[in-house]
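For reference, the chains in residue letters:
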There are 2 protein chains.
Amino acid sequence: MLWQDASCRVIRVNDRDYPGYCRLIWNEHVAEMSDLAPSDQRHCFNILMAVEVALRECFQPAKINLASFGNVVPHLHWHLIPREVDDRHFPEPIWGQTQRSSSGTFREMDDARLALAIRNAIAEQLSG
Amino acid sequence: MLWQDASCRVIRVNDRDYPGYCRLIWNEHVAEMSDLAPSDQRHCFNILMAVEVALRECFQPAKINLASFGNVVPHLHWHLIPREVDDRHFPEPIWGQTQRSSSGTFREMDDARLALAIRNAIAEQLSG
């Protein structure tokens, strides 16, 4: 767990191939973004954008991938995945065909520093 | 092309397996959502939400999938994909392993009706 408030939480996914992989999980049970009230949609989106900013700052990745599927578990959550051009699936989405065994040359980043970057980015986003 | 304004456009993807598949493409060249000014982020997100609403209304799908990758073409765009439990990849993302040959039992929807639903949903979202 990297960050939380009354509405949602941000966790770091334990994925050896994708060290920056985070998930934003909405607390209340809804299936789709458009099931949320407009103010909650905006809040969810603000947190998503702030985590994107923090991940870019911490990992300086080639690309950020964002996705909300919920096909298996129809509970609103977002995947945020920093990608590198030599990661396991690039340029495919991480759910696509494996491209190479290398897991990519990602920067190292401990949980505490990532959590701090997320907290700062969220404060910035919500004040803007 | 289903809808456009000065900032972005919504197109229907010609995919036999996913008749409701749409793409929201930002006109100005940026790679990431967080490269946009805050007001443009909000606009892009409002259009994304409105298209989600229109797709739910038109297709009444089992699930909506949203994704922004841009690994191949690093130009901001969003995939919006109505999913059915018997579609080609369910419950995998459409970039994952094929699950069955059936292309799913999606409702039929012509471009004009879908375009109208999107126009109405966008007007509603932007006024809300």
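Since we're looking at a predicted model, the values are computed, not measured.

A. Structural detail: the packing of aromatic side chains. All chains considered together, the criterion is met by 8 aromatic pairs over all chains. Relative to Trp95(A), the ring of Phe69(A) lies with its centre 4.9 Å away and its plane at 90 degrees, an arrangement referred to as edge-to-face. Residue Phe69(A) is found in the loop between strand S4 (63-68) and strand S5 (77-83), and its partner Trp95(A) is found in the loop between S5 and helix H2 (111-127); the two are separated by 26 residues along the sequence. Like Trp95(A), Phe69(A) is buried. The interplanar angle of 85 degrees and the centroid separation of 5.8 Å between the aromatic rings of Trp78(A) and Trp78(B) together place this pair among those described as edge-to-face. Highlighted residues: Trp78(A) in strand S5 and Trp78(B) in strand S5 (residues 77-83), drawn from two different chains. One exposure class covers both Trp78(A) and Trp78(B), and it is buried. Three or more aromatic residues joined by ring pairs make a cluster, and in this case those are Phe69(A), Trp95(A), Phe69(B) and Trp95(B).

B. Representation of the confidence of the model for chain A in the model. When pLDDT is averaged along chain A, the result is 96, and 100% of the positions lie at 70 or above. Scored as a whole, the predicted complex attains pTM 0.97, and scored at its interfaces, ipTM 0.97.

C. Up close: the relation of the copies chain A and chain B. The transform that puts chain A on chain B rotates by 180 degrees and translates by 0.0 Å along the axis, for an RMSD of 0.0 Å. Both chain copies can therefore be described as sitting about a two-fold axis. Nearest to the rotation axis, the C-alpha of Ala67(A) is located 2.0 Å from it, this being the minimum over chain A. A shared interface surface links the copies, since 100% of the contact residues of chain A are contact residues in chain B too.

D. Just the side chain of Asn71(B), in detail. With respect to the helices, strands and loops of the structure, Asn71(B) is situated in the loop between strand S4 (63-68) and S5. A polar atom in the side chain of Asn71(B) sits 2.8 Å from the side chain of Asn65(A). Within the local environment of Asn71(B), its side chain forms a polar contact with the backbone oxygen of Pro91(A), the two atoms lying 3.2 Å apart. Not counting residues up to four positions away in its chain, the partners in contact with Asn71(B) are Lys63(A), Asn65(A), Arg83(A), Phe90(A), Pro91(A), Glu92(A) and Pro93(A).

E. Layout of the sheet that holds strand S3 (residues 22-26) of chain B. If you walk across this open sheet you meet the 10 strands as S1(A)-S2(A)-S3(A)-S5(A)-S4(A)-S4(B)-S5(B)-S3(B)-S2(B)-S1(B), and the pairing is antiparallel. If you trace the sheet from one side to the other, it starts and ends with strand S1 (3-4) of chain A together with strand S1 (3-4) of chain B, each paired once. In this sheet, strand S3 (residues 22-26) of chain A lies alongside strand S2 (residues 8-12) of chain A in antiparallel orientation, the contact comprising 5 bridges. By the bridge assignment, Arg12(A) is partnered in S3(A) with Cys22(A).

What counts as what
Residues numbered from 1 in each chain as written. Chains lettered and ligands numbered in written order. Predicted model: local features only at pLDDT ≥ 70, side-chain atom pairs only at ≥ 80, totals over all residues. Heavy atoms only, no water. Phe/Tyr/Trp six-rings, centres within 6.5 Å; stacked < 30°, edge-to-face > 60°. Helix = DSSP H or I, 4+ residues; strand = E, 2+ residues; numbered from the N terminus. Buried < 20%, exposed > 50% of the residue type's maximum accessible area, 1.4 Å probe, protein only. pLDDT = per-residue confidence, 0-100. Least-squares fit on C-alpha atoms with pLDDT ≥ 70 in both. Contact = heavy atoms within 4.5 Å. Polar contact = N/O pair within 3.5 Å; in protein donor to acceptor, adjacent residues only side chain to side chain. Pairing = 2+ DSSP bridges.

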